[in-house]
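Spelled out from the first residue to the last, the chains are:
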Amino acid sequence: MAFREKTAWIAVITTLVVWGYYFSEVWRGVSARALDGQALWTLFLACMGITLVLLLGLNLLASRRRLKDFGASPDELEKQMESGAARLTKPLFEWAVLGISAAALLWGRDFAAGFPADPVGSFAIVMANALLFAAVATNLLAEIIIIVRFRVLG
């Protein structure tokens, strides 16, 4: 298995586990109509730290046999795969941001009724997390595309 494919698998699994948990907690707060901004901020920072440690550690572990692979420049095939994934996911992310922005017009009214204690703060938390979800989901999709391309070509 190519090192770039290994890093893609590591990114996919790490993202699904760490950010899956994070977004489930956000959804739980939205469903309960009780968003705690400080707790979510702390959880966000913890998830970022865990992601960083896992990605770095697992990639170092994956390159244990050939340390020169760690940090090596991608070859032409890998560049083409990454470029192809970006060609699909970048516009998808842009459309997601546009959709979230348009939905904000509708969501604004709902938050006043659904979160009477702090409608503005709750709305800001949900909007920030919707944008974060779009970024995480499109990056996850890019890594999955790279894995599929490695599997098809290799």
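Each remark here, short or long, concerns the structure printed above.
Residues numbered from 1 in each chain as written. Predicted model: local features only at pLDDT ≥ 70, side-chain atom pairs only at ≥ 80, totals over all residues. Heavy atoms only, no water.

S.K.: Explanation requested: the side chain of arginine 4 in the structure shown.
M.R.: The topology assignment puts arginine 4 in helix α1 (residues 3-31). For arginine 4, the side chain forms a polar contact with the side chain of glutamate 143, separated by 3.1 Å. When neighbours within four sequence positions are excluded, arginine 4 is seen to be in contact with Glu78, Glu82, Glu143, Ile146 and Phe150. (Helix = DSSP H or I, 4+ residues; strand = E, 2+ residues; numbered from the N terminus. Polar contact = N/O pair within 3.5 Å; in protein donor to acceptor, adjacent residues only side chain to side chain. Contact = heavy atoms within 4.5 Å.)

S.K.: Mind showing me how you'd approach the packing of aromatic side chains here?
M.R.: Geometry of an aromatic ring pair is reported as the spacing of the ring centres plus the angle between the planes. A full pass over the atoms with the stated rule returns seven aromatic pairs. Aromatic pair tryptophan 19 and phenylalanine 44: ring centres 5.9 Å apart, planes at 55°, arrangement tilted. In this pair, tryptophan 19 sits in helix α1 while phenylalanine 44 sits in helix α2 (residues 37-62), placing the two residues 25 residues apart along the sequence. On the basis of relative accessible area, phenylalanine 44 is assigned to the buried category, the value being 18%. On the basis of an interplanar angle of 90° and a centroid distance of 5.1 Å, the ring pair of phenylalanine 23 and phenylalanine 133 is categorised as edge-to-face. Here the residue phenylalanine 23 occupies a position in helix α1, and phenylalanine 133 occupies one in helix α4 (residues 119-153), the gap between them amounting to 110 residues. Phenylalanine 133 gets classed as partly exposed once you look at its relative accessible area, which sits at 47%. Taken together, the aromatic side chains of Trp19, Tyr22, Phe23, Trp41, Phe44 and Phe133 make up a single cluster linked through ring pairs. (Phe/Tyr/Trp six-rings, centres within 6.5 Å; stacked < 30°, edge-to-face > 60°. Buried < 20%, exposed > 50% of the residue type's maximum accessible area, 1.4 Å probe, protein only.)

S.K.: Would you mind showing me how to read α1 here?
M.R.: In an α-helix, one turn spans 3.6 residues, which is why side chains three or four residues apart end up on the same side. For α1, with 29 residues, the first-to-last C-alpha span of 41 Å sits near the 42 Å given by 1.5 Å per residue. One or two positions beyond α1, positive phi appears at arginine 33, with a value near 55°. (Expected span 1.5 Å × (residues − 1).)

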